[in-house]
Amino acid sequence: MIDFSILDLSPIAEGHTVREALDASRRMAQVAEANGYKRFWLAEHHGMPGIASAATAIVIAHVGAGTSTIRIGSGGVMLPNHSPLVIAEQFGTLEALFPGRVDLGLGRAPGTDMRTARALRRNMDAGAESFPHDVIELQRLLGEPNEDHGLLAVPGMRSNVPIWLLGSSLYSAHLAAALGLPYAFASHFAPDQLGEAVEIYRQRFEPSDSLQSPHVMVGVMAAVADTDHEASRLFTSAQQQFVNLRRNVRRPFPRPVDSMDGFWSEIERIGVEHTLRYAIVGSPDTAAGKLDALLAEVAPDEVIVSTPIHDLDARLRSVELFAGLGDRIDLGVAAE
């Protein structure tokens, strides 16, 4: 069976508060755990009124305290925004609190606009260009301490928190392969280089102490409901959000609408539908067919699903229905 995991951004739904968003993430993790999902990851974003997961490690702890078996972690922490030592201490602390359950997914994008990125980083010259060095430094800080180095992460050292590389380009595929790390591709919002990135990663993978063979996770957005019509309506919240991002309109996560006609232009429609072309939207039968097509194209080891639905009950229902797709998909086709 292929593993399913959850990617959450703690959406601040229109008409709701940050506290309600964070509690909804915790409730969602509990439902994911009950339905057999492997991981529950949270993503770092800043300066976005519709996303509450900026202080990612704190939200992970909030989710971890409400669950007991599901793996928890970041999908991801944007490492150029932080020093490796700070992240080692944060995730070493999480591992001490929730032993054997913590993952550290790393990205190199700012996760925000450039003005906010400058406020986070202070020194923009030490940003994405130092990413490979910072990943290696973080591995060292989370591993066995080196007496000659003199720098200790406490908590952090000897925690050996598993590190993943996340990306939406070929750069991350090359780096994950060279370092022998598991790799997650952000096909839920950057579909164009998915196949090429996965092929590069698998062909160039070098076994490491932490991983002997390549492991690929792919991201999808999903809105699964009892009918195709209802699923499509629920997904209009995500479509509105992506249009707003392109317009630089910052607002809470929008309520669904009966039709997107009149909200987006034709050019915006084409762009958003292209960006979200791997989205799994529909009834369970429809969703299974779309998931089958993705699995046949890429044959990932794991699928991580983002569920951008405004209403919490509908979001939890989608999580439950998506979990059931494992009984409907043709894994024989996917493995070919």
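The structure this text deals with has already been given above.
A few points on the structure. (Residues numbered from 1 in each chain as written. Predicted model: local features only at pLDDT ≥ 70, side-chain atom pairs only at ≥ 80, totals over all residues. Heavy atoms only, no water.)

**What to know about the overall build of the protein chain**
Secondary structure assignment for the protein chain yields 12 helices and 9 strands. The dimensions of the protein chain, computed from C-alpha atoms along their principal axes, are 65 × 45 × 40 Å. Classification of the 336 residues of the protein chain by burial places 54% in the buried group. In the protein chain, the share of contacts with a sequence separation of at least 24, taken over all contacts with a separation of at least 6, comes to 72%. (Helix = DSSP H or I, 4+ residues; strand = E, 2+ residues; numbered from the N terminus. Buried < 20%, exposed > 50% of the residue type's maximum accessible area, 1.4 Å probe, protein only. Contact = heavy atoms within 4.5 Å.)

**Some remarks on the nonpolar core**
Within the largest apolar cluster, 73 residues are counted, with the highest numbers of intra-cluster contacts made by Tyr37, Leu104, Leu106 and Phe322. Setting aside its immediate chain neighbours within four residues, leucine 106 contacts Val77, Leu79, Phe131, Val135, Leu138, Ile163, Trp164, Leu165 and Leu166. Core analysis: the second largest hydrophobic core is formed by 17 residues, Phe235, Phe242, Val272 and Ala314 among them. (Core = buried A, V, L, I, M, F, W, Y, C linked by side-chain atoms within 4.5 Å.)

**Quick notes on unusual backbone geometry**
Phi is mostly negative for residues that are not glycine, and the peptide bonds are mostly trans. Residue glycine 76 is reached from glycine 75 by a cis peptide bond, and omega for that bond is 5 degrees. Residue position: glycine 76 is located in strand S3 (residues 71–78). With an omega of -5 degrees, the peptide bond running from valine 154 to proline 155 counts as cis. You will see that asparagine 160, though not glycine, has its phi angle at about 50 degrees, which is positive. Structurally, asparagine 160 can be placed in the loop between helix H5 (131–142) and strand S5 (163–167). Phi angles above zero are rare outside glycine, and alanine 299 is one such case at about 50 degrees. Relative to the assigned elements, alanine 299 resides in the loop between helix H10 (284–298) and strand S9 (302–306). Note on alanine 299: relative accessible area 25%, which makes it partly exposed.

**A closer look at the packing of aromatic side chains**
Tallied over the full model, the rule gives 5 aromatic pairs. The interplanar angle of 85 degrees and the centroid separation of 5.2 Å between the aromatic rings of tryptophan 41 and tryptophan 164 together place this pair among those described as edge-to-face. Of the two residues, tryptophan 41 sits in strand S2 (residues 39–42) while tryptophan 164 sits in strand S5, which places them 123 residues apart along the sequence. With respect to class, tryptophan 41 is no different from tryptophan 164; both count as buried. Here the aromatic residues Tyr183, Phe185, Tyr201 and Phe205 are joined through ring pairs into a cluster of three or more. Here the basic side chain of arginine 247 rests over the ring of phenylalanine 263, its NZ or CZ set 5.1 Å away from the ring centre. (Phe/Tyr/Trp six-rings, centres within 6.5 Å; stacked < 30°, edge-to-face > 60°. Lys NZ or Arg CZ within 6 Å of the ring centre and 35° of its normal.)

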